Amino acid sequence: MSRAEQGGTTPFGLKYRLEKEVHPFNRDQVAKLPKDRTGVYALWLPNEIEDAYDCLYVGISTTCIRRRLLQHITNETNPKLRRQLRMFRDIVRYSVAFTEGHQETLALETAVIRDWQPETNRAKLG
């Protein structure tokens, strides 16, 4: 899928995609993602504003974003995130921005963590 097809041609476009294309975070939805694509993903919790979300976690995959999201569903190792996922399993949402290459993936992850400062990513802010 080309950059134009995925709707994000710039870092701003990729960040916008993460904020706006939010889906229920469950096995069936994640399984629809293509295999072997790299990128950045975000996990979200709804806030008090209708159709608005607060970022819970930002992560990357430099091999297969689909597999990484499925790991969060079945075997979360981050204690803060695991607690949030257990408490809010039915309302957590996710979004994905596919990237091209390791450097672009890391740059986008760094930018969105810095901007959104999700509580469960505090260690990465250091």
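Look above for the structure.
All values reported here derive from a predicted model rather than from experimental measurement.

Criteria and thresholds
Residues numbered from 1 in each chain as written. Predicted model: local features only at pLDDT ≥ 70, side-chain atom pairs only at ≥ 80, totals over all residues. Heavy atoms only, no water. Salt bridge = Lys/Arg side-chain N within 4 Å of Asp/Glu carboxyl O. Helix = DSSP H or I, 4+ residues; strand = E, 2+ residues; numbered from the N terminus. Buried < 20%, exposed > 50% of the residue type's maximum accessible area, 1.4 Å probe, protein only. Core = buried A, V, L, I, M, F, W, Y, C linked by side-chain atoms within 4.5 Å. Pairing = 2+ DSSP bridges. Contact = heavy atoms within 4.5 Å. Axes fitted to C-alpha atoms, helices over the stretch in contact; angles between N-to-C directions.

Undergrad: Please clarify how the pattern of salt bridges should be interpreted in this entry.
TA: Pairing is possible between side chains of opposite charge, provided their charged atoms come close. Taken as a whole and judged by the stated rule, the model has 3 salt bridges. Residue Lys15 pairs with Asp115 through a salt bridge whose shortest N-O separation is 2.5 Å. With Lys15 in helix α1 (residues 11-20) and Asp115 in helix α5 (residues 102-116), the pair connects residues that are 100 residues apart, well separated along the chain. For Lys15, a relative accessible area of 19% gives the class buried. Glu21 is the partner of Arg17 in a salt bridge, and the nearest nitrogen-oxygen pair spans 3.4 Å.

Undergrad: What am I meant to see in the nonpolar core here?
TA: One broad rule of soluble globular proteins: the nonpolar side chains tend to lie buried together. Residues Phe25, Val30, Leu33, Leu43, Leu69, Tyr94 and Val96 are the most contacted members of the largest nonpolar core, which totals 18 residues. Counting only elements with at least two residues in this core, the list comes to β2 (39-46), β3 (53-61), α3 (65-74), α4 (79-87) and β4 (93-98). With 4 residues, the single largest contributor to this core is α3. If you look at the next biggest cluster of nonpolar residues, it comprises 13 residues, including Val40, Ala42, Trp44 and Ile60.

Undergrad: Would you mind going over the sheet that holds β4 with me for this structure?
TA: Pairing between the strands of a sheet is mediated by backbone hydrogen bonds and can be parallel or antiparallel. The 4 strands lie next to each other as β1-β4-β2-β3, forming an open sheet whose pairing is antiparallel. Two strands close off the open sheet at either side, each with one partner strand: β1 (23-24) and β3. The strands touched by α1 within the sheet are β2 and β4, with β4 carrying the most contacts at an inclination of about 160°.

Take it as geometry only, folks, not as evidence of what the structure does.
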